[in-house]
Amino acid sequence: MARSLRIEKADGVYHIINRGNYRQDLFTNPGTHQAFERCLFEACIKCGWVLEGFCVMTNHFHLVIRTPEGNLVYGMKWLQSTFANRYHKFRKVHGKLFQGRYKSLIVEETDYLGALLHYVHLNPVRAGMVTVESLRNYRWSSFWYLHHPSKRHEFMDFSGCLSAAGSLTDSPAGRKHYREYLIWLSADT
C-alpha cells in the first residue's frame, strides 16, 4: 500500500507528533532532550520555520510549526534523520529510533491554533510529570521559553497562545495571566 502524500503549503501551520519505536523512551535525560531541541532549532533556522510551540516528553514530541516556504517534508526529514544519526553515534547503537512516519495535522488558525498550543503546553501536566503550578519549570517546552524571554530565538512566536487566552500581551503581566489561564484549563479536565 502506497503512503499518502503530505500536504504542504506556504505559510501552513502543522501539529507534528512522533514517538519512540515501540513507544520506547528516547528522551531519558537532559542530554537527549537538549540534543533534540538543538536539532529542532537548527531545522527552524535551516528551513525558515516559525516555531509556535513544542513539548518534548520522554517517549514523544509535539511541534506546532508554521512553514512560510511550504517545506515541511524536507525539514522533518532533516530533523528526524539528523537527530537519529547523532543519537546513534553518541550512544553507539543502531536500529530504528522513531515509530515510523511522523504524524502531521494541518491546523486551522482561527478555530484550533490556540487550543492546540494550550494542549501542547499542558502535556507534561497531563502526564503527571509536573503540576500546572510548576509547569514553567519544565525545561523542554515552549512554555519555558515563554517565561524566559532572554533565552528565546528569533523563530519563536508566542502570539498564538497569548491571543487565544484573552488577547494577552507578551509581558510579565500577560505571561502571569497565561499561567493562570492554563491553571483554570487544567482544573476543568
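Note that this is a predicted model, so its numbers are computed, not measured.

What counts and how
Residues numbered from 1 in each chain as written. Predicted model: local features only at pLDDT ≥ 70, side-chain atom pairs only at ≥ 80, totals over all residues. Heavy atoms only, no water. Helix = DSSP H or I, 4+ residues; strand = E, 2+ residues; numbered from the N terminus. Buried < 20%, exposed > 50% of the residue type's maximum accessible area, 1.4 Å probe, protein only. Contact = heavy atoms within 4.5 Å. Polar contact = N/O pair within 3.5 Å; in protein donor to acceptor, adjacent residues only side chain to side chain. Pairing = 2+ DSSP bridges. Expected span 1.5 Å × (residues − 1). Salt bridge = Lys/Arg side-chain N within 4 Å of Asp/Glu carboxyl O.

Focus on the environment of Tyr-14
Topologically, Tyr-14 is positioned in strand 1 (residues 12-19). According to the relative accessible area criterion, Tyr-14 is buried, its value standing at 1%. Taking C-alpha positions, Tyr-14 is 4.6 Å from Ile-106, a pair spaced 92 residues apart along the chain. Ignoring anything within four residues of it in the chain, the contact list for Tyr-14 reads Ile-7, Glu-8, Lys-9, Leu-63, Val-64, Ile-65, Thr-67, Leu-72, Leu-105, Ile-106 and Val-107. Engagement of the side chain of Tyr-14 in a polar contact is seen with the backbone nitrogen of Lys-9, the distance being 3.0 Å.

Considering the environment of Lys-96
Structurally, the position occupied by Lys-96 is in the loop between helix 2 (72-91) and strand 4 (103-106). Residue classification places Lys-96 among the exposed residues on the basis of a relative accessible area of 52%. In sequence terms Lys-96 and Ser-167 are 71 residues apart; their C-alpha atoms lie 43 Å from each other. Excluding residues within four positions of it along the chain, Lys-96 makes contact with Asn-21 and Gln-24.

Side note on the pairing of strand 2 (residues 50-56)
Among the seven residues of strand 2, six are classified as buried, and the element is accordingly described as predominantly covered. In terms of strand pairing, strand 2 meets strand 3 (residues 60-67) through six bridges, oriented antiparallel. Across the sheet, Phe-54 pairs through a bridge with Leu-63, a residue of strand 3. Taken together, strand 2 and the strand that follows it, strand 3, pair antiparallel across an intervening segment of three residues.

Examining the side chain of Thr-67
Turning to its location among the elements, Thr-67 is positioned in strand 3. Assessed through its relative accessible area of 0%, Thr-67 is described here as buried.

A closer look at helix 1 (residues 30-47)
Between its terminal C-alpha atoms helix 1 stretches 25 Å, which fits the 26 Å expected from 18 residues at 1.5 Å a residue. Restricting attention to buried positions, one finds in helix 1 the residues Thr-32, His-33, Phe-36, Glu-37, Cys-39, Leu-40, Phe-41, Ala-43, Cys-44 and Cys-47. Capping of helix 1 at its N-terminal end is provided by Asn-29; its side-chain oxygen lies 2.9 Å from the backbone amide nitrogen of Gly-31. Phi turns positive, to about 70 degrees, at Gly-48, one or two residues after helix 1.

Brief notes about the pattern of salt bridges
One side chain can pair with another of opposite charge once the charged atoms of both are near each other. This model, assessed by the stated rule, comprises eight salt bridges. Here Arg-139 ties to Glu-37 by a salt bridge, and the two come within 3.0 Å at their closest N and O atoms. In this pair, Arg-139 sits in the loop between helix 4 (123-126) and helix 5 (142-146) while Glu-37 sits in helix 1, placing the two residues 102 residues apart along the sequence. Note that Arg-66 and Glu-52 form a salt bridge whose closest N and O atoms lie 3.0 Å from each other.

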